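Examination of the molecular architecture
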Amino acid sequence: MDHEIQNPIQVLEKGMYHRLFPPELEITPGLSDVYELALAYYESRILTNDELIKNGAYFVKVDGRFTHHYFICTGDPLKIPDYSSSRLKSFFLNNQFRTGYATHGLFPYRGKFHPQMIKAIINIMGIKPGETILDPMMGSGTVSVEAAIMGIKSIGIDASPFCQFMAQTKCDALKINPDSLNAFLTHPEKLFSDFKTLSMPMSVSAQKKQFFDNYPMADPIENERIFNLIFLAFLDSDGYARRSNKKTHADYFKSILERYIASITKIGSAMTQLRISPAEASLYQGDARRLEIEDNRVDGILFSPPYSFAIDYLKNDVTQLQYFETDIHNLSQQMIGLRGKTMKDKYHIYLEDMDRVLSECSRVLKPGRMCAIIVGTNDSQLSKALNIQKDKVSGLNKVMVEIGRSKGFRHVRSLPRQIVGMANTMRQEYIVMLQKQAG
Ligand SMILES: C[S@@+](CC[C@H](N)C(=O)[O-])C[C@H]1O[C@@H](n2cnc3c(N)ncnc32)[C@H](O)[C@@H]1O
């Protein structure tokens, strides 16, 4: 039987959104991808209007009232310095509701999640304020920053000490009093040279003390947060300077620190107005294959593992890692996707490692709750490595579902998402949603 056919004028006049969303909801501008519409649709079905106002990701208005997401993302844009490149400016403007808000724009980590997408996934996983979410491979800590703003507690783990530092700094930056930062902007050249004279590795507290002898402040906890923030800007600008031959480390440091302070001022004032105090984030350096978390402890798990051997996170972060006390050899043995001589070996060891990670995820998750894994398909690389045709390669999304099943998970849904800009390695990633079965 044919479905109901309607008059074109009536169909076009009503539009598509009225079918998808209740009339009182207004979606964020610029939703262009199918996965974004899908997440908005699920949010609209799963959250109450009040929840959508407080924690929804894809709506700017509910029943005529602006959402918190709108307040957090809009208003005075990030005060990107005038001399920033037009590319950087348009990135922040085009992605106003997607990615550059709160403290997410501090350090552009490779493979970082879209925060707006993460907020929606947390919502559709049914995780509520006061509950706890785990990201066992947190990278730059996108899940923890988003959860903190949503009033959800988080546990974040990463093998890399630099990731632990970066995620901690981004979460702590939500608590910094922006007024205490302005003093650091008055003489950026002096600040930079003071930092330059500290010796590596910088994680030693004596160095922080030495630094704060020059910048006396009342509160030692606030001191630590500010030191870490400036240190992150220092590392970020070092990376930019190494990739460019036009500007020096000191030039980049000034503009990046200004941007960091503008971000913190903006989110700080939005949170004060909305009376949000960030929820607790417990972030550790550790191994996702051996979680130091008790059984049935967390209410949800959301993470993105390395996409087999597609990105070498150790090589990527080598500039930053040298500032931390790191045994690079030990770290390379812990990093998933790096062990093995040939690509084929690497892939098999990767599968063994992911088997252990999902086993741990199943152990620490409460029964009935969800584990979402975001994973891409590097089919071309895998077809070469395994010497099989590309269309015969089983995508990592399917592999995760299979491993998950063997650990007591049920596959609920996988949402595909196109990846732009990595066409030769990866074209698509999936949000794979699993539920831990009871008993
Ligand atoms: C795709 S990235 C995660 C990015 C993160 N979702 C974000 O928003 O920034 C994968 C992360 O897994 C981490 N990793 C690799 N092996 C690990 C292990 N055995 N235990 C914990 N983390 C690991 C890497 O250091 C990297 O940060």
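Up top is the structure.
Keep in mind it's a predicted model, so treat the numbers as computed, not measured. Residue numbers restart at each chain and count upward from 1, following the sequence in its written direction. Local features in this predicted model are restricted to residues whose pLDDT is 70 or higher, and side-chain atom pairs enter the listing and the counts only when it is 80 or higher, whereas totals over whole chains, interfaces and linings include all residues. Only hydrogens and water are set aside; all other atoms, that is, all heavy atoms of the structure, feed into the side-chain values.

Our next topic: the overall build of the protein chain. A tally of helices and strands in the protein chain yields 19 helices and ten strands. Throughout, the radius of gyration refers to the C-alpha atoms, and the reference size of a globule is 2.2 Å times the residue count to the power 0.38. What you see for the protein chain is a C-alpha radius of gyration of 22 Å, in line with the 22 Å of a compact globule of 439 residues. Judged by the C-alpha coordinates and their principal axes, the protein chain covers about 80 × 55 × 45 Å. Burial classes follow relative accessibility: with a 1.4 Å probe on protein chains only, a residue under 20% of its type's maximum area counts as buried, one over 50% as exposed, and anything between as partly exposed. When the 439 residues of the protein chain are sorted by exposure, 54% land in the buried category. Sequence separation of 24 or more characterises 72% of the internal contacts of the protein chain that already satisfy a separation of 6 or more. Accessible surface for the protein chain amounts to roughly 20600 Å². Of this, 51% is attributable to carbon and sulfur atoms. Both charge centroids of the protein chain, one from 53 positive and one from 48 negative side chains, sit 3 Å from each other. Secondary structure follows DSSP: runs of H or I at least 4 residues long count as helices, runs of E at least 2 residues long count as strands, and numbering of each begins at the N terminus. Should any heavy atoms of two residues lie within 4.5 Å, those residues are considered in contact. Residue burial considers only the protein chains on display, and all accessible areas are found by Shrake-Rupley using a 1.4 Å probe. Working convention for charge: Lys and Arg count positive, Asp and Glu count negative, and His plus the chain ends are omitted. Positions of charges follow a simple convention, taking NZ of Lys, CZ of Arg, CG of Asp or CD of Glu.

Residues are labelled near a given molecule or strand when at least one of their non-hydrogen atoms is within 4 Å of it. The environment of the ligand is made up of 23 residues, and the closest members are S140, T142, D158, A288 and Q334. Nitrogen and oxygen atoms within 3.5 Å of one another constitute a polar contact, given that in protein one can donate a hydrogen and the other can accept it, and given that sequence-neighbouring residues count only through two side-chain atoms. Within the backbone of F113, a nitrogen or oxygen atom sits 3.1 Å from an oxygen atom of the ligand. With the chains in place, 100% of the 600 Å² that the ligand exposes on its own is no longer accessible. Amino acids are sorted into nonpolar (Ala, Val, Leu, Ile, Met, Phe, Trp, Tyr, Cys and Pro), charged (Asp, Glu, Lys and Arg) and polar (every other residue, Gly among them). Here the residues of the shell around the ligand are counted per class, giving 13 nonpolar, seven polar and three charged.

The subject of this paragraph is the pattern of salt bridges. Salt bridges are defined by distance alone: a side-chain nitrogen of Lys or Arg within 4 Å of a carboxyl oxygen of Asp or Glu. Enumeration according to the criterion identifies 22 salt bridges in this entry. With its nearest N and O atoms 3.4 Å apart, the salt bridge here joins K54 to D50. Within this pair, K54 and its partner D50 are both found in helix α4 (residues 49-55), separated by four residues, close to a single helical turn. Judged by its relative accessible area of 44%, K54 falls in the partly exposed class. With a relative accessible area of 40%, D50 lands in the partly exposed category. Taking the shortest distance from any N to any O, the salt bridge between R363 and D295 comes out at 2.8 Å. Taken together, the residues R363 in helix α17 (residues 343-364) and D295 in the loop between β6 (281-285) and β7 (298-303) connect sequence positions 68 residues apart. Of the residues examined, D295 reaches a relative accessible area of 48% and is grouped as partly exposed. In this structure, a network of salt bridges that share partners links the residues D287, R289, R290, R339, D353 and R356.

A word on the packing of helix α3 (residues 34-46) against helix α7 (residues 115-124). Think of each axis as a best-fit line through the C-alpha atoms, taken over the contacting stretch in the case of a helix, with angles from 0 to 180 degrees between the N-to-C directions. Viewed as axis vectors pointing N to C, α3 and α7 meet at an angle of 35°, and their least axial separation amounts to 9 Å. As α3 runs across α7, the sense of the crossing is left-handed. Counting all contacts with α3, which are made through Y35, E36, L39, Y42, E43 and I46, the residues of α7 involved are Q116, M117, K119, A120, I121, N123 and I124. Crossings are classed by handedness, with left-handed meaning an anticlockwise turn of the near helix from the far one by less than a right angle and right-handed meaning a clockwise turn.

Describing an aromatic ring pair means giving the distance of the ring centres and the angle of the ring planes. Only Phe, Tyr and Trp rings are paired, with Trp represented by its six-membered ring, and only when their centres lie within 6.5 Å; those with planes under 30 degrees apart are stacked, over 60 edge-to-face, the remainder tilted. Tallied over the entire structure, the rule returns 23 aromatic pairs. For the ring pair Y70 and F97, a centre distance of 6.4 Å and an interplane angle of 25° mean the geometry is stacked. With Y70 in helix α5 (residues 68-73) and F97 in the loop between α6 (86-94) and α7, this residue pair connects regions lying 27 residues apart in the sequence. Measuring from ring centre to ring centre gives 5.4 Å for Y240 and Y252, while their planes differ by 25°; the resulting arrangement is stacked. Of this pair, Y240 sits in helix α12 (residues 220-243) while Y252 sits in helix α13 (residues 249-274), placing them twelve residues apart in sequence.

A few words now on the sheet that holds strand β2 (residues 59-62). Pairing is antiparallel in the open sheet, where three strands are placed in the order β1-β2-β3. A single partner strand is all that each edge strand has here, and the edge strands are β1 (25-27) and β3 (65-66). A pair of strands counts as paired when DSSP detects no fewer than two bridges linking them.

This brings us to the side chain of T132. Within the secondary structure, T132 is located in strand β4 (residues 132-135). What T132 contacts, discounting residues up to four positions off in sequence, is K153, S154, I155, R297, V298, D299 and G300.

Moving on to the sheet that holds strand β9 (residues 409-418). Within the open sheet, the seven strands sit side by side as β6-β5-β4-β7-β8-β10-β9. Their pairing is mixed. On the outer flanks of this sheet lie β6 and β9, each paired with one strand and no other. Neighbour to neighbour, the strand axes of the sheet diverge by 15° on average, direction disregarded. Examined bridge by bridge, β4 and β7 share two bridges and lie parallel to one another. Bridged to L134 within β7 is I301. The strands touched by α3 are β9 and β10 (428-436); relative to β9, the strand with the most contacts, the crossing angle is about 135°. Contacts from helix α19 (residues 396-406) reach β8 (365-376), β9 and β10 within the one sheet, and its direction differs from that of β10 by about 10°.

This part is about helix α10 (residues 188-197). The complete set of buried residues in α10 reads P188, L191, F192, D194 and F195. In a view along the axis of α10, the buried residues occupy a sector of 160°, so they form one face of it. Of the residues in α10, the exposed ones pointing more than 90 degrees away from the buried face are E189 and T197. Note that the arc is computed from the directions linking the helix axis to the C-beta atoms.

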